[in-house]
Amino acid sequence: MTAILKNIFNISNKKLLKDYGLVLAFMGICLVLSILSPSFIKPANLLNILRQTSINGILAVGMTFVIITGGIDLSVGSITAVAAVVASSFAHPGEHSIVFVIFSGLGVGLLLGFINGLFIAKAKLAPFIATLGMMTIARGMALVYTSGRPVINLSDQYNYIGGGYIGGIPVPVYIYGLVVIISFFVLRFTVFGRRVYAVGGNELSAKYSGIKTSNIKTLVYMISGMLSGLAGIVLSSRVMSGNPSAGTSYELDAIAAVVIGGTSMTGGVGTIFGTVIGALMIGVINNGLDLLNVSSYFQQIVKGSIIIFAVLMDKQANSKD
Amino acid sequence: MENNSETILEMDNICKSFPGVKALNNVSIKFKKRTVHTLMGENGAGKSTLMKVLSGIYQMDSGTMRLRGEDVIFQTPASALNHGIAMVHQELSPIVDLSVAENMFVGREPVLFKLPVINRKEMNKKANALFEEIGIKIDPKRRMGDLSVAEMQMVEIAKAISYDAEILILDEPTSAISDAEVSVLFKIIRNYTQKNKAVIYISHKMEEIFQISDEITVLRDGEFIGTNPASDVSEKELIKMMVGRNLNEIFPKTETKIGDVSLRVENLSLSGKFSNISFEARRGEILGIAGLMGAGRSELVESIFGVHPPESGSLYINGKEVKIRSPEDAIDLGMALITEDRKLTGLNLKDSVKNNVSIVFLKKLARAFSVVDKGREVSSVEELIKKLSIKTPSRNTNVSSLSGGNQQKVVIAKWLLSDPNILILDEPTRGIDVGAKAEVHKLMNQFTEEGKTVIMISSEMPEIMGMSDRLLVLSEGKLTGHFQRSEFDQEKILACAMNHIEKESN
Ligand SMILES: Nc1ncnc2c1ncn2[C@@H]1O[C@H](COP(=O)(O)OP(=O)(O)OP(=O)(O)O)[C@@H](O)[C@H]1O
Ligand SMILES: [Mg+2]
């Protein structure tokens, strides 16, 4: 009898942990932070967290597509920089229409992502290698394009993208929200989305099922590249300059958000929702540790530990018995 | 006490549940030395689960196990192994990048001078000696991943035997091997029991079971139904115990009107695999392809299906020449290929039953913005789950937690849903129970009645002879025989299948 009870309890416990563990952990962290530092839950601070999260969040959403196919994209930070300097260079007051400026940033991201995709899907390079190469190349391109100097003197219109508010909420938050909604929809409800999971789950069986796996793989790197371009636009317009060294090591936070969100590095499993929570978690931790005056050196140790802990928990919850 | 009926293991009132499934409910069985004890039951009856409890992979929820009169509980496979229990699993898990010998001795490699350095020579020698002793012809130095499924299976069996365990468990060892290898295996099993040991055997193949078993236990829905000496039960009785009702004809071939040629293959070649293959398949016809393992049958159909397009030759569908460069092309032309290895090429084990079944059909379920029509998807998947009686807690269950046979049914469902005109099945009834097998055969018949074409590869002689209208025989990548149904003769077909081998040895 007790065995049965224990069994039922165990099962539901485990299921609870699996389905809501991440959200519970997130709420737990928020609770602790608001007790330790009352200013944490002030609306202004929360909005601030959201805005700070939006850039990493946009990158993490693109990274989610890539990681679900079993790949990785290390070049997102560098592509962010390329898009930042390219878009900024067209964004001087009165030169080009804002639409053109935005498309230039998105386009260059898309193009670099496409090149990643070609090397990975067609030339069969390991994603780690191909995007590691792109990471260095793109950073170099950003530096060459600007001769190493930030691009400044940007139009007000452009600066509004990263710095403006609509109804008291920062514009980047709207952009991020839109990216999340569209990506969630694409991954969850479209044929393409389902194929992304199929390719990541078992590439060979996907191929036998009539899926052009190399097209799917190319597309996910294009998505990641384009979203990196978007992140570059938002970032440069927020700081009002296109800096060629922008976005350095952003790929790490993006990967961390995806992994904390429960997406499996071996592919086939993952959700946009998880990634959103993962990105928020990182944002909240950064913000909270700042509020608590923890030194930035020490912050890194805390952040790293939390990533490992989160993944460990997830593994526990998903383990078979 | 009589030596040949000495009980070695008693399993008593074993229970085991998974979320949503009671896999074993008070199962009690006694196993004896010098005995081949076969477990039978429908897909999902709990056979593999029971054996996984015995070999320390799963922990039972309640019950007792007595090994040589002593209560035992195995927390890990290693501890079961230490107590003399070795198991060959239904789903193979070879380390593909290691050599055959390395796979066999993983974790217990012979070393050089007591240093942590593997003595490769010694290891290969040992493997070779064992292979020779039991009659397997595989080079221990070959890379595991280069072996055929059948060869891998034989290596796994050899590995289990090398532990010299008191109890050897074989979970569907013959689902991937051909008749020739089956007879080697049976010799191995016989020798094994002669050494005062026990073998527990799981299979769905009736002829085999009566050949090898001393005792047969039937499970149904996780319940123990009965144990009988093999000599005391008939096939009919066993089926009744398994499915709970009478099941009549096993290969219910229906007469259909054979129509025009739907698929014509001319001089197809792919170097190293097959050469100069020409044949045609007609509407309303089941065309069988027989041959030994490694004869190139799978390679041939995979090539036709666009997985590895042929180097030369031509394909015609309904009289029109077609170029098939990828499976996508083949699917668009109304073809379906149910592949041989469900784990490797058939399923996405990380996804649900529903998503696996619908993946091919998805394209046709797309509405605006390529959004999947969820309602239609769910209803068509549910229909197939019912039609093939796939045993799963729900359509959203992960396929990896289904029993082997039910996973196979998911693969079949996926291709049926794509509604093909030319259905190619490569060992389609591998590992599925008698009821489901009859169901698959019925489906094949329905297919041909609708004027569609079926091409079937099977290594099971009774199946392929029972179901086919015409039969091609392949040997070493060449067509060596062609039989009309009226000319079917097992001896002659086998002779063609071994054609090449005989010529070489003469
Ligand atoms: N790891 C698991 N998680 C959840 N359910 C499981 C798991 N393993 C088995 N089951 C369920 O337990 C039941 C018994 O499965 P089992 O694999 O023992 O069947 P089987 O008799 O070996 O069938 P088959 O002939 O198809 O191999 C099935 O309903 C299966 O879905
Ligand atoms: Mg089984």
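The paragraphs below set out a description of the structure included in this document. (Residues numbered from 1 in each chain as written. Chains lettered and ligands numbered in written order. Predicted model: local features only at pLDDT ≥ 70, side-chain atom pairs only at ≥ 80, totals over all residues. Heavy atoms only, no water.)

## Considering the overall build of chain A
Put simply, the rule reads: A run of H or I in DSSP becomes a helix once it reaches four residues, and a run of E becomes a strand once it reaches two; helices and strands are each numbered from the N terminus. We compute the radius of gyration over the C-alpha atoms and compare it with the globule rule, which gives 2.2 Å times the number of residues raised to the power 0.38. Burial classes: relative accessible area under 20% of the type maximum marks a residue as buried, over 50% as exposed, and values in between as partly exposed (1.4 Å probe, protein chains only). Contacts are residue-level and defined by heavy atoms, with any inter-residue pair within 4.5 Å sufficient.
Looking only at helices and strands, chain A has 13 helices and 2 strands in total. Scaling as 2.2 N^0.38, a compact globule of 321 residues should have a C-alpha radius of gyration of about 20 Å, and chain A matches this with 20 Å. Reported as C-alpha extents along the three principal axes, the dimensions of chain A are approximately 80 × 55 × 35 Å. In chain A, which comprises 321 residues, the proportion classed as buried is 51%. Long-range contacts, defined as pairs at least 24 residues apart, comprise 78% of the intrachain contacts of chain A with a sequence gap of at least 6.

## A word on the pairing of strand 12 (residues 274-282) of chain B
All names here are of chain B. Defined as follows: Strands were regarded as paired on the criterion that DSSP finds at least two bridges between them.
The sheet contact formed by strand 11 (residues 261-270) and strand 12 spans 6 bridges and is antiparallel. Directly across from Val 261, in strand 12, lies its bridge partner Arg 282. Hairpin connection between strand 11 and strand 12: a loop of 3 residues separates the two successive antiparallel strands, and Gly 272 in this loop has a positive phi of roughly 85°.

## What to know about the environment of Val381(B)
Position of Val381(B) relative to the elements: it lies in helix 13 (residues 374-387). It is 33 Å that separates the C-alpha atoms of Val381(B) and Arg470(B), two residues lying 89 residues apart in sequence.

## Remarks on the interface of chain B and chain A
Accessible area lost when the parts come together is the quantity often used to give the size of an interface. Note the following rule: A 1.4 Å probe defines the accessible area here, and the buried area is the portion of it lost by two parts on being joined, summed over both. Salt bridge criterion: a side-chain nitrogen from Lys or Arg within 4 Å of a carboxyl oxygen from Asp or Glu. Pairing of N or O atoms within 3.5 Å defines a polar contact, subject to two protein rules: one partner must be a possible hydrogen donor and the other a possible acceptor, and residues neighboring in sequence count only if both atoms are side-chain atoms. Gly is put with the polar residues, along with every residue not named as nonpolar or charged; the nonpolar set is Ala, Val, Leu, Ile, Met, Phe, Trp, Tyr, Cys and Pro, and the charged set is Asp, Glu, Lys and Arg.
Listed by partner, the interface residues are 37 residues for chain B and 28 residues for chain A. With both chains or domains summed, chain B and chain A bury close to 2,500 Å², and 54% of this area falls on carbon and sulfur atoms. Scanning the region where chain B abuts chain A turns up 2 salt bridges. Between Arg194(A) and Glu377(B) there is a salt bridge, with its nearest N and O atoms 2.3 Å apart. Counting every contact that joins chain B to chain A gives 15 residue pairs in polar contact (both at pLDDT 80 or more). Split by residue class, the side of chain B that touches chain A holds 17 nonpolar, 9 polar and 11 charged.

## Remarks on the packing of helix 4 (residues 120-134) of chain B against helix 5 (residues 149-162) of chain B
Residues and elements named next belong to chain B. Note the following rule: In this analysis, axes come from line fits to C-alpha atoms, helices being fitted only over the stretch in contact, and the angle between any two N-to-C directions falls in the range 0 to 180 degrees. With respect to orientation, any angle under 35 degrees is reported as roughly parallel, any angle over 145 as roughly antiparallel, any angle of 65 to 115 as roughly perpendicular, and every other angle as oblique.
Two elements in contact, helix 4 and helix 5, have axes separated by 11 Å at closest approach and are oriented at 100°. As summarised for this structure, helix 4 and helix 5 are arranged roughly perpendicular, according to the angle between their axes. Contacts from Leu 130, Phe 131 and Ile 134 of helix 4 reach helix 5 at Val 155, Ala 158 and Ser 162. Of the residues belonging to the contact of helix 4 with helix 5, the class tally is 5 nonpolar, 1 polar and no charged.

## Thoughts on the site of ligand 1
Residue and element names in this part refer to chain B. Definition in use: Only a single heavy atom is needed: when it lies within 4 Å of a molecule or strand, its residue is near that molecule or strand. Only the protein chains shown count as cover for residues, and the accessible areas themselves come from Shrake-Rupley with a 1.4 Å probe.
In the vicinity of ligand 1 there are 21 residues, among which Gly 44, Ser 48, Thr 49, Ser 403 and Gly 405 approach most closely. In this structure, Ala 45 approaches ligand 1 through a main-chain N or O atom, which is 3.2 Å from an oxygen atom. Here an oxygen atom of ligand 1 and a side-chain polar atom of Ser 403 are 2.7 Å apart. Look at ligand 1: alone it shows 640 Å² of surface, and the protein chains cover 92% of it. Where the shell around ligand 1 is concerned, the elements lending two or more residues are strand 2 (21-32), helix 1 (47-54) and helix 14 (404-417). In terms of residue count, the dominant contributor to the shell around ligand 1 is helix 1 (3 residues). Of the residues contributing to the shell around ligand 1, the split by class is 6 nonpolar, 11 polar and 4 charged.

## Let's talk about the sheet that holds strand 15 (residues 320-322) of chain B
Residues and elements named next belong to chain B. Sheet architecture is open: 4 strands sit in the order 12-11-14-15, paired in antiparallel fashion. Looking along the sheet, the strands with just one partner apiece sit at the ends: strand 12 and strand 15. Along the sheet, successive strands turn relative to each other by an average axial angle of 20°, direction set aside. Across 5 bridges, the pairing between strand 11 and strand 14 (residues 312-317) is antiparallel. The partner of Ser 269 across the bridge, within strand 14, is Ser 312. Those strands touched by helix 9 (residues 297-304) are strand 11, strand 12 and strand 14, and its axis lies near 70° from that of strand 12.

## Some remarks on the sheet that holds strand 18 (residues 453-457) of chain B
All names here are of chain B. The 6 strands lie next to each other as 16-17-18-13-19-20, forming an open sheet whose pairing is mixed. The two strands at the open ends of the sheet, each matched to only one other strand, are strand 16 (335-338) and strand 20 (478-484). Ignoring strand direction, the axes of neighbouring strands in this sheet form an average angle of 15°. Relative to strand 19 (residues 470-475), strand 13 (residues 286-291) runs parallel, the two being bridged by 5 bridges. Of the residues in strand 19, the one forming a bridge with Leu 287 is Arg 470. Lying over the sheet, helix 9 contacts strand 13, strand 16, strand 17 (422-426), strand 18 and strand 19, oriented at roughly 140° with respect to strand 13.

## A word on helix 2 (residues 43-68) of chain A
Residues and elements named next belong to chain A. The test is simple: We define the bend at any residue as the angle between the axes fitted to the seven residues before and including it, ending there, and the seven starting there.
The largest bend in helix 2 amounts to roughly 40° and is located at Ser 54. Counting buried positions along helix 2 yields 19 of 26 residues, so the element is predominantly enclosed. Of the residues trailing helix 2, Gly 70 is marked for its positive phi of about 90°.

## Regarding the nonpolar core
Cut-off, in case you're wondering: Among the buried residues, those of types Ala, Val, Leu, Ile, Met, Phe, Trp, Tyr and Cys that are joined through side-chain atoms within 4.5 Å form a nonpolar core.
Residues Leu263(B), Phe279(B), Met335(B) and Ile455(B) are the most contacted members of the largest nonpolar core, which totals 162 residues. It is helix 2 of chain A that contributes the most residues to this core, 11 residues altogether. Each residue touching Met335(B), except ones within four places of it in the same chain, is listed here: Leu263(B), Ile304(B), Phe305(B), Ile317(B), Ile324(B), Ala330(B), Pro420(B), Ile422(B) and Ile424(B). Core analysis: the second largest hydrophobic core is formed by 39 residues, Ala101(B), Met123(B), Ala158(B) and Val182(B) among them.

All we've got here are geometric facts, nothing functional implied.
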